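Below, each chain spelled out in residue letters.
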Amino acid sequence: MTDTVLDIRDIHTTLGGNSIHRGLDLSVRRGEVVALIGGSGTGKSVLLREIIGLLKPQSGRIELFGQSVWDTTPAQMNALRRRFGVLFQDGALFSSLDVEDNVATPLFEHTSLPHATCRQLARLKLGLANLPADVAKKKPSELSGGMRKRVALARALALDPELLFLDEPTSGLDPISARAFDTLIRLLADSLGLTVFLVTHDLDTLFSIIDRVIVLSNGRVLGSGSVAELKQLDDPWLSAYFAARTPEETSPHGN
Amino acid sequence: MTAHARYDAASRALIASGDWQAEAAAALPELAGQPVHVLDGADLTRLDTNGAWLLLAAARPQASDPMPELRNFSPAHRALLELVARHCDATLLQPDPPREGLRMLTGRGAIAMGRHLAGLLDFVGHLTVESLALIGRPGQWRWRELAAQVRDIFVGAIPIVVGMLFLLGVVFAYLLGDQARQYGANIFVVDGILMAILREISPVIVAILVAGRTGAAITAQLGTMKVTEEIDAIATLGLSPLAVLVIPRMLALLIAMPLLVFIGDVAGILGGMLVAQEQLDISRPVFLDRMADVLLLKTLLVGLFKAPVFAIFIALIACRMGLSVTRDSRSVGANTTSTVVQSLVAIIILNAIFAVAFVQLNI
C-alpha cells in the first residue's frame, strides 16, 4: 500500500485564455486532513475538478493511489472512483430522490447488494453524519442547508472511500453548524481512517481540524505546513487572510 | 483477500476473515435463525463501515436482540464496530410504508386537483386586483418588458406558424379537392378551405404551437427564477412579481396571438390556393374572386376572437405553474410539462364550447 494517496506533478491549466496553474506540485499522504486555500480565482476548485476527473489539465500528472487519473481506461477510472468520495459545494443532491435513496445511489450502482440492504447501509451513513432517522424519507428540498451538506457527506461516504474531497464544506452554514460539521469531519476522518482533502475559506476550519494547509498563489503552491508555519511566510494575501481573524484573538474586548 | 465467514455452532460464534466490505455480503453463511453471541475477527484483514454493519446485522437481525460479544478484533476494527453499533438501531427493522391503494391514490389525486383549482382561482384574483391597480397608472407599465415579450412570442413564432399552416392548407385542400372533384364541385373547395382554415384550423393550431413554445418557456423561466430566489428578490424590492413578470407576458400573448392567427390564416389560404391551382385547375384570380364572394367577415372574426381567449388561458396556466414551482430542479420540469398538458386540454375544451355556442347563437 503506497503511503502517498494523492500526487500532483507540474500541472498547467489554461481556461478561457487565462493561465490558472503554472507548474503546480503537491502531494497528500494517507491519513492526513489537508486544506487547500488561496484567493478567489487561484484555481482551487479547478484543481479539485481536475483531481476527480471532471476537467483535463493542459499538461502534468495527477495520481490517485499511485494511478494516473488522466491515463486510465474507463473501467480503471470507475474502480478508482469507488475509492474516493466527493462533497460538492452545494451538496449536489439528486432532487428527484429522497434522502435515503440519494445516499444509497452509489451502493445501488457499484455493489450487487439487494436494494433493501443498500437503504439500510444508507441509514447507517446518515447516522454517522449525525442526522436523525426521520430525514431518511424526506426530499432534499425539505431540508435546511446544513442538513443537506450532511446528507451529501453521507453520500460521499456511502462506499467507504479511503479519500474524501470536500469543496468548501462549511460555506453557507451558520458558525455553530459549521463548527459541528468540522468536528464531524475530523471525527469521521479519525475513526474511519480517512484521508481528507478540502478546499476552504473558513479560518476556523483551518485552526480547528486541519493537519496541514496548502496555499495556492499565482498558479503554484506558495507554501504548505501548519497554520503557525504559514504565518511566517511573507505574502501579502496570506498576511491579510490571517489578519482577518487575528485581531479578534489578540485584542479582547476593552483593550 | 476475499471475505469469508463461518458459523461455529458450539460457541455460537460468527467468525469473519479477509476483507470485509460491502461486497462481502455474499460470504455471509446461512444462519437460519441460530443465535450469534460472539463475533470473532481474528483473521480480518480489512473492515469498513459497510462490512461492519453487515456483520452486526447478521448477528443481530432484530433491534431487540442482544449485542454480540466482540472477540479477537484489532483495536481499530473494534472501535469501528462500536461506532457502527451505536448507529445500528436506526437501520434495523425499518419496513417500507405499505403501498398506497387505488382509493388512497384517487383521494390524494382529488385533493391535489382541488388545491390546484383553488390555487388557480386565487391566482386569478390576485392578478385581477393587480391589473386593475395598474390601469390607472400607465407610468408603471413595463413597456420595455412588454415589447421584449411581444418580440419573443410573436416574431419568433412567425416562421413556424407560416410553415405549419401553409402545409395544413395544402393537405386540407388536397383531400377536400379529391372528394369535390368527383362531383364536379371544384369551386366549392374554396369555400371549404376558407371556412376550415379561418374558423378552426388556424386558431387551434396557433394556440397549440404557442402553448408548446411560449407557455413552456414562460413556466420554465419563471420556475427557474423561483428556484434562484429572483422572484423573492423582486418582492423584497417592493415590486409585485405579478406586475413585473406576469402581466407583461399576459398582455404580450394577448397582442401576439391574434396577429399570429391572422398570419396563419393567410399562410393556410396560400397553401390551399397552390393546391387549387395545381390539382383542381382553379387559377389564382378565380380563387380570389370566389373568396371575395363567399368570405364573410364573421368567419374571420370568429377565428380572431378565439385567439385572445386561448391566449389568456395559456398565459394564466403558464404563469401560475411557473410561480408554483418548489425549490428543486425536478419541479421545474414537472410544471413545464403540466403547463403544456393543461394548455392543450384547455384549448380543446374551449374550442368545443365555442363551436357549440356559435352554432346556438347562429354565428
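Everything here concerns the structure above.
Residues numbered from 1 in each chain as written. Chains lettered and ligands numbered in written order. Predicted model: local features only at pLDDT ≥ 70, side-chain atom pairs only at ≥ 80, totals over all residues.

Caption draft 1: Up close: the overall build of chain A. Looking only at helices and strands, chain A features 10 helices and 10 strands. Counting every position in chain A, which comprises 255 residues, the buried fraction comes to 42%. Sequence separation of at least 24 residues holds for 64% of the intrachain contacts in chain A that already meet a minimum separation of 6. (Helix = DSSP H or I, 4+ residues; strand = E, 2+ residues; numbered from the N terminus. Buried ≥ 20, exposed ≤ 12 C-beta atoms within 10 Å, placed from the backbone. Contact = placed C-beta atoms within 7 Å.)

Caption draft 2: View of the overall build of chain B. A tally of helices and strands in chain B yields 11 helices and 4 strands. By residue count, 36% of the 363 residues in chain B fall in the buried class. For chain B, restricting intrachain contacts to residue pairs at least 6 apart in sequence, the fraction spanning at least 24 positions comes to 82%.

Caption draft 3: A look at the nonpolar core. Within the largest apolar cluster, 95 residues are counted, with the highest numbers of intra-cluster contacts made by Leu-107, Ala-154, Phe-165 and Val-196 of chain A together with Leu-14 and Leu-55 of chain B. Leave out the neighbours within four places in its chain, and Leu-14 of chain B touches Ala-5, Tyr-7, Val-36, Leu-39, Asp-40, Leu-55, Ala-58 and Ala-59 of chain B. In terms of nonpolar packing, the next biggest core, distinct from the first, is built from 61 residues, Ala-157, Met-250, Met-257 and Ile-282 of chain B among them. (Core = buried A, V, L, I, M, F, W, Y, C linked by C-beta atoms within 7 Å.)

Caption draft 4: Here's a closer look at the pairing of strand S1 (residues 4-15) of chain A. Residues and elements named next belong to chain A. Where S1 meets strand S2 (residues 18-29), 9 bridges bridge the pair, whose relative direction is antiparallel. Bridged to Ile-8 within S2 is Leu-26. A loop of 2 residues connects S1 with S2, the two strands running antiparallel in sequence, and Gly-16 in this loop sits at a positive phi of about 50°. Note: S1 against strand S4 (residues 59-64), 5 bridges, orientation antiparallel. Of the residues in S4, the one forming a bridge with Asp-7 is Glu-63. (Pairing = 2+ DSSP bridges.)

Caption draft 5: Here's a closer look at the interface of chain A and chain B. Counting residues at the interface gives 19 residues for chain A, matched by 21 residues for chain B. Looking at the side of chain A that touches chain B, the elements with two or more residues in it are helix H4 (115-128) and helix H6 (175-192) of chain A. Looking at which element gives the most residues to the side of chain A that touches chain B, the answer is H4 of chain A, with 7 residues. Residue composition of the side of chain A that touches chain B, by class: 9 nonpolar, 8 polar and 2 charged. (Nonpolar A, V, L, I, M, F, W, Y, C, P; charged D, E, K, R; others polar.)

Caption draft 6: How the structure looks around the sheet that holds strand S4 (residues 69-71) of chain B. All names here are of chain B. Taken together, 4 strands build an open sheet; the order of strands is S1-S2-S3-S4 and the sheet is mixed. Either end of the sheet is taken by a strand with one partner, and the two such strands are strand S1 (4-8) and S4. The sheet shows a mean angle of 20° between the axes of neighbouring strands, direction not considered. In the packing of helix H1 (residues 49-59) onto the sheet, the strands contacted are strand S2 (13-20) and strand S3 (38-47), and the crossing angle to S2 comes to about 165°. In the packing of helix H2 (residues 75-86) onto the sheet, contacts are made with S3 and S4, and the angle to S3 comes to roughly 115°. (Axes fitted to C-alpha atoms, helices over the stretch in contact; angles between N-to-C directions.)

Caption draft 7: The arrangement of the sheet that holds strand S9 (residues 212-217) of chain A in detail. All names here are of chain A. Taking strand neighbours across the sheet as the criterion, the 6 strands line up as S6-S7-S8-S3-S9-S10 in an open arrangement whose pairing is mixed. Every other strand in the sheet has two partners, leaving strand S6 (84-87) and strand S10 (220-225) as the edge strands with one partner each. When the angles between neighbouring strand axes are averaged without regard to direction, this sheet yields 15°. Both strand S7 (residues 163-167) and strand S8 (residues 195-199) contribute to a ladder of 5 bridges, which runs parallel. Bridge assignment links Asp-167 to a residue of S8, and that residue is Val-199.

Caption draft 8: Geometry of the packing of helix H3 (residues 99-110) of chain A against H4 of chain A. Residue and element names in this part refer to chain A. At a minimum axis distance of 8 Å, the contact between H3 and H4 shows a crossing angle of 120°. The angle between H3 and H4 falls in the class oblique. Handedness of the crossing formed by H3 with H4: right-handed. Contacts from Glu-100, Val-103, Ala-104, Leu-107 and Phe-108 in H3 reach His-115, Cys-118, Arg-119, Leu-121, Ala-122, Arg-123, Lys-125 and Leu-126 in H4. (Parallel < 35°, antiparallel > 145°, perpendicular 65-115°, else oblique. Left-handed = near helix turned anticlockwise from the far one by under 90°.)

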